[in-house]
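Inside the fold
Given next are the chains, with one letter for each unit.
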Amino acid sequence: MSAGVVATVAGAPVPVEEVDAAEARLRAGALAATLPAAGTGEGRQLRRWLTQLIVTRRLVAAEAAARGLTGRDAPAEARLMPDAAARLELGSVAAAALADPRARALFAEVSAAVRVTDDDIADYHARNPLRFARPGPGRGGWRDPSPVGPSLNEVRADIAEHLRGAASRRAFRVWLDARRAAVVRLAPGYEHPGDPRQPDNTHRH
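Quick summary incoming for the structure in this document. Since the model is a prediction, treat every value here as computed from it, not as a measurement. (Residues numbered from 1 in each chain as written. Predicted model: local features only at pLDDT ≥ 70, side-chain atom pairs only at ≥ 80, totals over all residues. Heavy atoms only, no water.)

1. Let's talk about the layout of surface pockets
One way to see where empty space is left: roll a probe the size of a water molecule over the atoms. Filter applied, for reference: Each cavity reported here is a set of points on a 1 Å grid over the protein atoms alone in which a 1.4 Å probe fits but cannot get out, each pocket an open set with protein on both sides within 12 Å along at least five of seven lines, and each lining residue one with an atom within 4 Å of a point. Grid points are joined across faces, edges and corners, and a volume is the space filled by probe spheres set on the points. Only DSSP runs of H or I reaching four residues or more are called helices, and only runs of E reaching two or more are called strands; each is numbered from the N terminus. Three classes are used, and their members are as follows: Ala, Val, Leu, Ile, Met, Phe, Trp, Tyr, Cys and Pro are nonpolar, Asp, Glu, Lys and Arg are charged, and the others, Gly among them, are polar.
One number sums up the size of the largest pocket: a volume of about 520 Å³. Arg79, Glu161, Arg164, Gly165 and Arg169 are the residues nearest the centre of the largest pocket, which is lined by 24 residues in total. For the lining of the largest pocket, the secondary-structure elements that each account for two or more residues are helix H3 (77–80), helix H4 (84–90), helix H6 (101–110) and helix H8 (152–183). Partitioning the lining of the largest pocket into residue classes produces 11 nonpolar, 4 polar and 9 charged.

2. Side note on helix H2 (residues 41–66)
Our working definition: For a helix, the expected span equals 1.5 Å multiplied by the number of residues minus one.
With 26 residues, H2 ought to run about 38 Å at 1.5 Å a step, and its terminal C-alpha atoms sit 37 Å apart, in line with that. Just downstream of H2 lies Gly68, where phi reads positive at about 75 degrees.

3. A closer look at the packing of helix H7 (residues 118–127) against H8
Rules: To get an axis, fit a line to the C-alpha atoms, keeping to the stretch in contact for a helix; angles then go from 0 to 180 degrees between the N-to-C directions. For classification, angles of less than 35 degrees are called roughly parallel, those exceeding 145 degrees roughly antiparallel, those between 65 and 115 degrees roughly perpendicular, and all remaining angles oblique. Pairs of residues are marked as contacts when any of their non-hydrogen atoms sit within 4.5 Å.
Where H7 meets H8, the closest approach of the two axes is 9 Å, and the angle between their N-to-C directions is 110 degrees. In this view, H7 runs roughly perpendicular relative to H8, as classed from their interaxial angle. Packed against H7, whose contacting residues are Asp118, Asp120, Ile121, Ala122, Tyr124 and His125, the element H8 presents Leu152, Val155, Arg156, Ile159, Ala160, His162 and Leu163 at the interface.

4. Examining the environment of Ala32
What counts, and what does not: Accessible area is worked out with a 1.4 Å probe on protein chains only. A residue is then buried under 20% of its type maximum, exposed over 50%, and partly exposed in between.
With respect to the secondary-structure elements, Ala32 resides in the loop between helix H1 (16–27) and H2. Accessibility expressed as a relative area gives 26% for Ala32, which makes it partly exposed. For the pair Ala32 and Asp200, spaced 168 residues apart in sequence, the C-alpha to C-alpha distance is 21 Å. Every residue in contact with Ala32, bar those within four places of it in the chain, is listed here: Leu26 and Arg27.

Right, here's the structure in full:
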């Protein structure tokens, strides 16, 4: 890999200037005070994360174009990632990439075959009987958790949506990881932030 290139995506180079520009935008923004100092181990990890985001966005754009996906009818971000837990399931890079409607259209296509069975729904309800219980009236105008779980029929649709969403996120994450492994090559110093072989991936207390 030539000097000044942090990665390649399907052979196309990603110049270091692209990472520099992304970092400069962050450091000029509202979150500047929360960012690690440049040149530190944490600062290098930030640049590795930005590299991951850039190569993922490039990969997604290329894949969407190859499939003829424009993002015009893409699902909303809130549908794919309804809460913080859903974002954690995907990981920060994939979640950030889904700001692009083309990425969300790709998500929908990649996960289109996901199915949830009646047995899956019944098993989940048996293990989590209060998961979708509706709160009831409490003292002082507060709402109290229900002590009694709803019947399976009452929450079947909620459970199905919950399980389908989690399975779809898992399918997209697995697909994305496989595509990155196949077409992305990272330069030394720009490894994945979680790669245990790179020197800045240390766990400290």
